[in-house]
Amino acid sequence: MTTLKALASVRVLDFSKVLAGPLCAQYLGDMGADVVKIEPLNEGDDTRRYPPFLDSGTHHDGTIFLSVNRNKRSFALDLKTDAGRDICHKLVMGADVVIESFGPGVAERLGIDHATLMALNPRLVHCSISGYGSVGPMKEGKGYDAVLQAFSGMLSISGERGGKHARSPFSPVDQGTGLHALIGILAALFERTATGKGMRVEASLFDTSIGFLGYILQGFWANGREPEPPGSSHDSLCPYEVFSTGDKPMLLGVANDSLWRKFCAVAGAPEVAADPRFTTNALRVANRRETVATVTALLATRGRDDWVKSLGLAGIPCSPVQSLGEMAAHPHTTEGGMLQKYVHPIYGELKTVSQPIKLQGERNSVMREAPLLGQHTAQILYESGYSSQEIDELAASGVINASAKAVAS
């Protein structure tokens, strides 16, 4: 794992919670930024309380929280107090980036909106993550991944034909919004090197959901037809979906006519390759039912592993439908370094999913485990010039977590 810290000079204040913002901030931390996660007193990020949990007997955290909050320090603060806002504003004056995902109007009420903070620090890159953005009749709406899958039309094309709509379970809208926020922040930091000025960055779940539908909308505008839920198939390609074999399912991806002819050769079916209904991809799409029925019959003659081996040797894209456990145990996964192990001081050895990029041929490493709530409050206050007495008084008055003085070092 790399020791390269491309963003080592960058300090990030992360006020966000749940998934989109925390993922964005985690990736900044993975690349070396000093990320301070500002959390509400007593409760912290909502995902600390989302099951399933890791439980040590004295502490427990939700696994979602653990998955998107490594390489951060936690600062527990009551932003609703004057003293809490004063601390926040002092931290902002030494920060490069602020990320927030408060509901409509909340940042303004707390005094941490972009106008207030950029007046304190004109070099600040301020990123707001919202449900529907800052313009339009839905701008006051609260956004959640599943809600935006429904609102955007994404849910209408998910699932099997004639079946119930199926939510994409890995929260693509949330995670995609985090990535778009990351892109915007990096662009703003790059621009700042030339201008010396900060920038406001906005990312929303609505924009992300529409962005993900780009080529599907292009087809809708061209033909005026609402696409049907395709299951595992592709509206523009055939055969390109999950098929049963003689024993287990596999996905076959015939993406062009050359691959189709190769598939028919491997299957020992030259007559199928010559069938005028199937000679081009456009014809196979037009005759989808017949194409799928023909391929299904061919694949039923042999087992999945036999097909995957022979098709792979012929250069035909295909894959077994693996479980998560099968994927994690696969040699390509283990050798690629996407799954990392680290030692958590409370929960012991844990696994995590790496940032999916390499810098100088190396993966970014886990430099800090996901923090306990308020674990670094006193440490960060010391760094910001607060005395031990001031920190004790803030803890006694309930502005910061009461345990802060116990974890000052």
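Treat the numbers as computed from the prediction; the structure is a model and nothing was measured.

A. Molecular detail of the overall build of the chain. If you tally the helices and strands in the chain, you get 18 helices and 13 strands. Oriented by its inertia axes, the alpha-carbon framework of the chain measures out at about 85 × 50 × 40 Å. Here the chain holds 409 residues, and the buried ones make up 44% of them. Residue pairs in contact within the chain that sit at least 24 positions apart in sequence constitute 67% of those at least 6 positions apart. Of the accessible surface of the chain, which amounts to about 20200 Å², a share of 57% is contributed by carbon and sulfur atoms. Mean positive and mean negative side-chain charge positions of the chain (39 and 43 charges, respectively) differ by 3 Å.

B. Quick look at the layout of surface pockets. Here the second largest pocket defines a volume of roughly 1000 Å³. Taken together, 35 residues make up the lining of the second largest pocket; nearest its centre are Ser67, Leu339, Lys351, Thr352 and Val353. Within the residue set of the lining of the second largest pocket, elements represented by two or more residues are helix H1 (20–30), helix H2 (63–67), helix H7 (172–195), helix H15 (324–329), helix H16 (331–336), strand S12 (339–344) and strand S13 (348–353). For the lining of the second largest pocket, a count of residues per class yields 19 nonpolar, 12 polar and 4 charged.

C. Looking closely at the packing of aromatic side chains. Here the structure, examined in full by the defined rule, presents 7 aromatic pairs. Judged by centre distance (5.4 Å) and plane angle (90°), the ring pair of Tyr132 and Phe151 falls under edge-to-face. Of the two residues, Tyr132 sits in the loop between strand S7 (125–130) and helix H6 (145–151) while Phe151 sits in helix H6, which places them 19 residues apart along the sequence. According to the relative accessible area criterion, Tyr132 is buried, its value standing at 7%.

D. Quick peek at the sheet that holds strand S9 (residues 240–243). Read from one edge to the other, the open sheet built from 3 strands follows the order S9-S10-S11, with strand pairing classed as antiparallel. Edge strands, defined here as strands with exactly one partner in the open sheet, are S9 and strand S11 (318–320). Averaged over all pairs of adjacent strands, the angle between strand axes in this sheet comes to 15°, irrespective of strand direction. Relative to S11, strand S10 (residues 250–253) runs antiparallel, the two being bridged by 3 bridges.

E. Summary view of the packing of H1 against H7. Where H1 contacts H7, the two axes come as close as 7 Å, and the packing angle between them is 45°. For the element pair H1 / H7, the angle class is oblique. Relative to H7, H1 is oriented so that their crossing is right-handed. Across the interface between the two elements, Ala20, Leu23, Cys24, Tyr27 and Leu28 from H1 touch Asp174, Gln175, Thr177, Gly178, Leu179, Ala181, Leu182, Ile185 and Leu186 from H7. Its residues placed into classes, the contact of H1 with H7 shows 10 nonpolar, 3 polar and 1 charged.

F. Region of the structure containing the pairing of S10. Sheet analysis places S9 next to S10, joined by 4 bridges and oriented antiparallel. Among the inter-strand pairings, Phe243 is bridged to a residue of S10, identified as Met250. Between S9 and S10, which follow one another and run antiparallel, lie 6 residues.

G. Region of interest: a nonpolar patch on the surface. Together, Leu324, Met327, Leu339 and Val353 make up a nonpolar patch on the protein surface, roughly 370 Å² of accessible area in all. Inspection of the secondary structure assignment puts Leu339 in strand S12. Judged by its relative accessible area of 34%, Leu339 is partly exposed.

H. Quick peek at the nonpolar core. Val12, Leu28, Val97, Ile99 and Ile185 are the most contacted members of the largest nonpolar core, which has 31 residues in total. Mapped onto this core, the elements with two or more residues apiece are H1, strand S6 (97–100), S7, H7 and strand S8 (199–204). Ignoring anything within four residues of it in the chain, the contact list for Ile99 reads Val12, Leu13, Asp14, Phe15, Ser16, Gly21, Cys24, Ala25, Leu28, Cys127, Ile129 and Ile185. Formed by 29 residues, the second largest nonpolar core is a distinct cluster that contains Leu13, Val92, Ala107 and Met118.

I. Examining the sheet that holds strand S5 (residues 73–76) more closely. Strand order in the open sheet made by the 6 strands is S5-S2-S1-S6-S7-S8, with parallel pairing throughout. Each having just a single partner strand, S5 and S8 make up the two edges of the open sheet. Mean inter-strand twist for the sheet, computed between neighbouring axes without regard to direction, equals 20°. Packed onto the sheet, helix H3 (residues 82–93) meets strand S1 (11–14), strand S2 (34–39), S5 and S6 and runs at close to 150° relative to S1.

J. Highlighting the state of the cysteines. Taken as a whole, this structure holds 0 disulfides when the rule is applied. Considering cysteine sulfurs only, Cys127 is the nearest to Cys88, which forms no disulfide, with 16 Å between them. Between Cys264, a free cysteine, and Cys238, which holds the nearest cysteine sulfur, the sulfur-to-sulfur gap is 12 Å.

K. Structural context of the pattern of salt bridges. Tallying each qualifying case throughout the model produces 21 salt bridges. For Arg70, the salt bridge identified is with Asp30, shortest N-O distance 2.8 Å. Linking Arg70 in the loop between H2 and S5 with Asp30 in helix H1, this pair joins segments that are 40 residues apart in sequence. Looking at Asp30, the relative accessible area reads 2%, which means it is buried.

L. Representation of unusual backbone geometry. A cis amide bond, omega 0°, links Pro51 with the succeeding residue Pro52. In the segment running from Cys238 into Pro239, the intervening peptide bond is cis, with an omega of 0°. Looking at the secondary structure, you find Pro239 in the loop between helix H9 (214–223) and S9. For Asn71, which is not glycine, the phi torsion reads 55° and is therefore positive. You can see Asn71 is positioned in the loop between H2 and S5. Accessibility expressed as a relative area gives 4% for Asn71, which makes it buried. Of note in the backbone geometry, Gln360 takes a positive phi value of approximately 55° without being a glycine.

Definitions and limits used
Residues numbered from 1 in each chain as written. Predicted model: local features only at pLDDT ≥ 70, side-chain atom pairs only at ≥ 80, totals over all residues. Heavy atoms only, no water. Helix = DSSP H or I, 4+ residues; strand = E, 2+ residues; numbered from the N terminus. Buried < 20%, exposed > 50% of the residue type's maximum accessible area, 1.4 Å probe, protein only. Contact = heavy atoms within 4.5 Å. Areas by Shrake-Rupley, 256 points an atom, 1.4 Å probe, with all protein chains shown as cover. Lys, Arg positive; Asp, Glu negative; His and termini not counted. Charge placed at Lys NZ, Arg CZ, Asp CG, Glu CD. 1 Å grid on protein atoms, 1.4 Å probe; cavity = no way out; pocket = protein on both sides within 12 Å on 5 of 7 lines; lining within 4 Å. Points joined across faces, edges and corners; volume = space filled by probe spheres on them. Nonpolar A, V, L, I, M, F, W, Y, C, P; charged D, E, K, R; others polar. Phe/Tyr/Trp six-rings, centres within 6.5 Å; stacked < 30°, edge-to-face > 60°. Pairing = 2+ DSSP bridges. Axes fitted to C-alpha atoms, helices over the stretch in contact; angles between N-to-C directions. Parallel < 35°, antiparallel > 145°, perpendicular 65-115°, else oblique. Left-handed = near helix turned anticlockwise from the far one by under 90°. Patch = residues over 30% accessible without salt bridge, like charges linked within 9 Å, V, L, I, M, F, W, Y side chains within 5 Å. Salt bridge = Lys/Arg side-chain N within 4 Å of Asp/Glu carboxyl O. Core = buried A, V, L, I, M, F, W, Y, C linked by side-chain atoms within 4.5 Å. Disulfide = S-S within 2.5 Å.

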